[in-house]
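Below are the chains, spelled out letter by letter.
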Amino acid sequence: MQIETTRLIIDDLKSSDKNEYFINISNNEKVLETFICNYEKDIDSFNFEKYLNRDDIFAMRMKASKKLIGIIVLLPINKEKKSIEIGYCIGSDYWNNGYTSEATKTFIDYIFDHNLASTIYASHFKENIASQKVMIKCGMSYSHTNVNELVYLGKPRDLIYY
C-alpha cells in the first residue's frame with residue numbers, strides 16, 4: 001500500500017527505516033509519554049525486524065525526503081462488525097506541523113474508500129490534548145472514556161475514545 005498526501009507518503013516499513021524509527025519513536029521520551037511503545041536505550045540492541053513485513057504498521061514519511069517521521073497502526077476490533085482502531089505516533093521534532101492530522105485523515109479516507117471498515121475508533125490518554133485535536137480535525141466524534149483502562153509507565157491511565 002502507498003498513500004500520498006500533499007506533504008507525506010504512507011507506506012510499508014522498510015529495513016532502512018530502523019535509525020529513523022529509533023530516533024523518532026522508540027528512543028524518544030516525549031513520544032513515550034503519548035504513545036504506548038517500548039522504550040529502547042540502544043540502537044544496536046533494538047529489534048526493529050519485529051516491525052517489518054506486518055500488515056498493521058505503516059510508515060509516515062516526508063514526501064520530499066522519504067524520511068520516516070512517524071507511524072500509523074491499524075488494530076482490528078470486531079471483524080464481524082467491520083470496526084477497527086487506528087493509532088498514530090510522530091517524532092516530537094515534527095509535532096505541531098499538521099503532519100499527523102494530514103496523514104490520519106488521508107488514512108481514514110483510504111479505509112472507508114476501500115471498504116476496509118465501517119467504524120473507526122482511535123483513543124488517546126486523557127492528558128494528550130494534541131491527539132484529541134487530531135481526532136476532531138479528522139472528523140471523529142467522542143465515543144466513550146475508559147477510566148483506568150491500563151497502567152502505563154507506572155500509573156493508571158484513562159483512555160478517551162473517538
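The numbers attached to residues start from 1 for each chain and follow its sequence in the written order. Predicted model: local features are reported for residues with pLDDT of at least 70 only, side-chain atom pairs are reported and counted for 80 or more only, and whole-chain, interface and lining totals are derived from all residues. For the side-chain quantities, the full set of heavy atoms in the structure was used; hydrogens and water were omitted.

### A closer look at the environment of Ser-118
Part 1 of the argument: Elements are defined by DSSP. Helices are runs of H or I of four residues or more, strands are runs of E of two residues or more, and each kind is numbered from the N terminus. Inspection of the secondary structure assignment puts Ser-118 in the loop between α3 (99-113) and β6 (119-121).
Part 2 of the argument: Between the C-alpha atom of Ser-118 and that of Glu-29, which follows or precedes it by 89 residues, the distance is 34 Å.
Part 3 of the argument: The criterion used for residue contact is that any of the two residues' heavy atoms lie within 4.5 Å. If we ignore the near neighbours within four places in the chain, the residues touching Ser-118 are Lys-81, Lys-82 and Phe-112.

### Remarks on the sheet that holds strand β3 (residues 57-62)
Part 1 of the argument: Any two strands are treated as partners once DSSP identifies two or more bridges connecting them. The sheet built from six strands is open, its strands ordered β1-β2-β3-β4-β5-β6 with mixed pairing. Looking at the sheet topology across the chains shown, the edges are occupied by β1 (2-4) and β6. For this sheet, the mean angle separating the axes of adjacent strands, direction not counted, is 25 degrees.
Part 2 of the argument: Here strand β4 (residues 68-78) pairs with strand β5 (residues 83-90) via eight bridges, running antiparallel. Looking at β5, one finds that Leu-74 is bridged to Ile-86.
Part 3 of the argument: Taken strand by strand, α3 contacts β1, β2 (8-12), β3, β4, β5 and β6, and its axis lies near 155 degrees from that of β5. Helix axes use the C-alpha atoms of the stretch in contact, all axes being lines fitted to C-alpha atoms, and the angles between their N-to-C directions lie in the range 0 to 180 degrees.

### A word on the packing of aromatic side chains
Note on aromatic pairs: each is described by the distance of the centres and the angle between the planes.
Part 1 of the argument: Working definition: rings of Phe, Tyr and Trp (its six-membered ring) pair if their centres are within 6.5 Å, and the pair is stacked with planes under 30 degrees apart, edge-to-face with planes over 60 apart, and tilted otherwise. For the structure shown, the criterion picks out 11 aromatic pairs.
Part 2 of the argument: Taken together, a centroid distance of 5.5 Å and an interplanar angle of 25 degrees make the contact between Phe-125 and Tyr-152 stacked. Of this pair, Phe-125 sits in strand β7 (residues 123-125) while Tyr-152 is found in strand β8 (residues 144-152), placing the two residues 27 residues apart along the sequence. Like Tyr-152, Phe-125 is buried. Exposure categories follow from relative accessible area, calculated using a 1.4 Å probe and restricted to protein chains: below 20% of the type maximum is buried, above 50% is exposed, and the middle band is partly exposed.

All quantities given are derived from atomic positions and should not be read as evidence of function.
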